[in-house]
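Coordinate analysis (summary)
One letter stands for each residue in the lines below.
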Amino acid sequence: MRWPSVYSREMHDLRIVLTVLALLASMVLCGVLGLRQRLAIVVLALLSFVWLTLDSDFEGDVLISFTSYNGLTASDLVGIAGFVACVVLWWRLRRR
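Residues numbered from 1 in each chain as written. Predicted model: local features only at pLDDT ≥ 70, side-chain atom pairs only at ≥ 80, totals over all residues. Heavy atoms only, no water.

1. Considerations on a nonpolar patch on the surface
A surface patch of nonpolar side chains, about 630 Å² in accessible area, is lined by Leu63, Ile64, Phe66, Leu77, Ile80, Val84 and Val88. Looking at the nonpolar patch, the elements with two or more residues in it are β1 (62-65) and α3 (74-95). No other element matches the four residues that α3 contributes to the nonpolar patch. Judged by relative accessible area, which is 59%, Phe66 ranks as exposed. (Patch = residues over 30% accessible without salt bridge, like charges linked within 9 Å, V, L, I, M, F, W, Y side chains within 5 Å. Areas by Shrake-Rupley, 256 points an atom, 1.4 Å probe, with all protein chains shown as cover. Salt bridge = Lys/Arg side-chain N within 4 Å of Asp/Glu carboxyl O. Helix = DSSP H or I, 4+ residues; strand = E, 2+ residues; numbered from the N terminus. Buried < 20%, exposed > 50% of the residue type's maximum accessible area, 1.4 Å probe, protein only.)

So, in structure tokens, the structure goes:
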């Protein structure tokens, strides 16, 4: 169920785009900082989780269907890539 919006459709679309750009910029920044700091890796993991929970407004086509209601979309790959980056960064920091 969606709550009615007081914003026009164009403003709603702009809010979605700005949210996506802010999340992506934060994920990139945490990934870069994660080369030296574990806290940035934890924040990247949290942002990846947030991405996976909030990406329903801009999900694209379903790449793989698990059930008739669940599947993997291109937008989900961004969150999964964030988790993979967390594992790689944590492993690299641990080896130092």
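Next comes the rest of the description.
2. A few points about the environment of Val87
Structurally, the position occupied by Val87 is in helix α3. A sequence separation of 42 residues divides Val87 from Ala45, and the C-alpha atoms of the two residues are 9.2 Å apart.

3. Some words on the confidence of the model for the chain
On average, residues of the chain score 78 in pLDDT, and 86% of them are at 70 or above. For the chain, the element scoring lowest by mean pLDDT is helix α1 (residues 9-33), at 75; β1 scores highest, at 88. (pLDDT = per-residue confidence, 0-100.)

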